[in-house]
Amino acid sequence: MIKKSIIIIANNLKWDFSKKMKDIQDFYKDIMEIEFQIVYTNFQNIPLSESPIIDGSSGVNKVVESFTIDPIWYEKYVDYVAEKILFDAVIFVVNKADLSSNLLPGGLNSGNFNGVNQITVFVDYAEDSTAEQSGVFVGNSFSFLACHEISHWLYQLFNMPTDNTHKYFYSTNPKGVIDELKPMQYNNIFEKWAKAIQIQEGGKPTDLNMINNNPGNIRYG
């Protein structure tokens, strides 16, 4: 099982995230152990920039124009916090009412920046708001959105050829991502071990272990 640390940066939100963090940990407990930390901030007048995003709310991914948090501002104020504390991912939670546009999506995974995965969850609902997907109750709205965006991260992390997050999260079976990703956690670990052995034994194209297509210098015995 992989272990990841995530910092939640909650801007102008005095929510109690303890139950929400437990919801996320329980959703991913079969493939990932998550350690959470939370920081409360009070940034004002967060600037936006127009940018195309992938919208999968209809069950089909399509590129649409929208607004995202200005990347220069994000790097300066949000990434700084995450990198300073050395976390694997940051979930920045910001209320849509604090921004200048209502064209923002509910959540957005903007990929990796300086080794830290970036997830933003825009909220326009109450702390205890619950959500339904395809007519099925899926629990707390924030928890569900955060699980959705973390799923995108895991598909990237495991180098999956297809990201099926929307296929499952916009259906009655969000847990389908767990069944699909569960075998990959072991592949990810073995790949890291194999690469470490390869480096130890040589690893350069001119090294004998690489010429012999035997990166680990394995001998018959």
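First, a word on what this report is: a plain description of the structure on this page. (Residues numbered from 1 in each chain as written. Predicted model: local features only at pLDDT ≥ 70, side-chain atom pairs only at ≥ 80, totals over all residues. Heavy atoms only, no water.)

Observations concerning the overall build of the protein chain
Here is step 1: A count of helical and extended segments in the protein chain gives 7 helices and 9 strands.
Here is step 2: In the protein chain, which comprises 221 residues, the share counted as buried stands at 45%.
Here is step 3: The long-range fraction of contacts in the protein chain, counting pairs at least 24 apart against all pairs at least 6 apart in sequence, stands at 63%.
Here is step 4: As displayed, the protein chain offers around 12,200 Å² of accessible surface, 52% of which is attributable to carbon and sulfur atoms. (Helix = DSSP H or I, 4+ residues; strand = E, 2+ residues; numbered from the N terminus. Buried < 20%, exposed > 50% of the residue type's maximum accessible area, 1.4 Å probe, protein only. Contact = heavy atoms within 4.5 Å. Areas by Shrake-Rupley, 256 points an atom, 1.4 Å probe, with all protein chains shown as cover.)

Remarks on the packing of helix H1 (residues 18-27) against helix H3 (residues 141-157)
Here is step 1: Running from amino to carboxyl end, H1 crosses H3 at an angle of 40°, the nearest separation of the two axes being 9 Å. In terms of orientation, H1 lies oblique with respect to H3. As for the relative orientation of H1 and H3, their crossing is right-handed in sense. Contact residues: Lys 20, Asp 23, Ile 24 and Phe 27 in H1; Phe 142, Ser 143, Ala 146, Cys 147 and Ile 150 in H3.
Here is step 2: Of the residues in the contact of H1 with H3, the class split is 6 nonpolar, 1 polar and 2 charged. (Axes fitted to C-alpha atoms, helices over the stretch in contact; angles between N-to-C directions. Parallel < 35°, antiparallel > 145°, perpendicular 65-115°, else oblique. Left-handed = near helix turned anticlockwise from the far one by under 90°. Nonpolar A, V, L, I, M, F, W, Y, C, P; charged D, E, K, R; others polar.)

Thoughts on the packing of aromatic side chains
Here is step 1: Under the defined criterion, the tally for this structure stands at 13 aromatic pairs.
Here is step 2: With centroids separated by 5.3 Å and ring planes inclined at 80°, the aromatic side chains of Phe 17 and Phe 142 adopt a geometry described as edge-to-face. With Phe 17 in the loop between strand S1 (2-11) and H1 and Phe 142 in helix H3, this residue pair connects regions lying 125 residues apart in the sequence.
Here is step 3: By relative accessible area, Phe 17 is classed as buried at 1%.
Here is step 4: The exposure class of Phe 142 is buried, given its relative accessible area of 1%.
Here is step 5: Their ring planes at 85° and their centres at 6.0 Å tell us that Tyr 74 and Phe 92 sit as a pair that is edge-to-face. With Tyr 74 in helix H2 (residues 71-85) and Phe 92 in strand S5 (residues 89-95), this pair connects stretches of sequence that are 18 residues apart.
Here is step 6: Tyr 74 sits in the buried class, given a relative accessible area of 7%.
Here is step 7: Here the aromatic residues Trp 15, Phe 17, Tyr 40, Tyr 125 and Phe 142 are joined through ring pairs into a cluster of three or more. (Phe/Tyr/Trp six-rings, centres within 6.5 Å; stacked < 30°, edge-to-face > 60°.)

Describing the nonpolar core
Here is step 1: Counting residues in hydrophobic clusters, the biggest one holds 38 residues, and the most contacted among them are Ile 24, Tyr 28, Ile 91, Phe 142, Ile 150 and Leu 154.
Here is step 2: Of all the secondary-structure elements, those providing two or more residues to this core are S1, H1, strand S2 (32-41), S5, strand S7 (116-123), H3, helix H4 (165-169) and helix H5 (176-181).
Here is step 3: The element best represented in this core is H3, accounting for 9 residues.
Here is step 4: Look past the residues within four positions of Tyr 28 in its chain and what remains in contact with it is Ile 34, Cys 147, Ile 150, Ser 151, Leu 154, Phe 169 and Ile 178. (Core = buried A, V, L, I, M, F, W, Y, C linked by side-chain atoms within 4.5 Å.)

Side note on H1
Here is step 1: Listed as buried for H1 are Lys 20, Met 21, Ile 24 and Phe 27. For H1, the angular spread of buried residues about the axis comes to 125°, placing them on one side.
Here is step 2: Against the buried residues of H1 lie S1, S2, strand S9 (136-140), H3, H4 and H5. (Arc of directions from axis to C-beta.)

Here's the deal with the pattern of salt bridges
Here is step 1: This structure, assessed with the given rule, holds 4 salt bridges.
Here is step 2: Across the pair Lys 19 and Asp 23 runs a salt bridge, and its minimum N-O distance is 2.6 Å. Pair noted here: Lys 19 and Asp 23 are both in helix H1, with a separation of 4 residues, about one helical turn.
Here is step 3: The exposure class of Asp 23 is partly exposed, given its relative accessible area of 21%.
Here is step 4: Here Lys 20 makes a salt bridge to Glu 127, at a shortest N to O gap of 3.9 Å. Of the two residues, Lys 20 is situated in helix H1 and Glu 127 in the loop between S7 and strand S8 (130-133); the sequence distance between them amounts to 107 residues.
Here is step 5: Note on Lys 20: relative accessible area 4%, which makes it buried. (Salt bridge = Lys/Arg side-chain N within 4 Å of Asp/Glu carboxyl O.)

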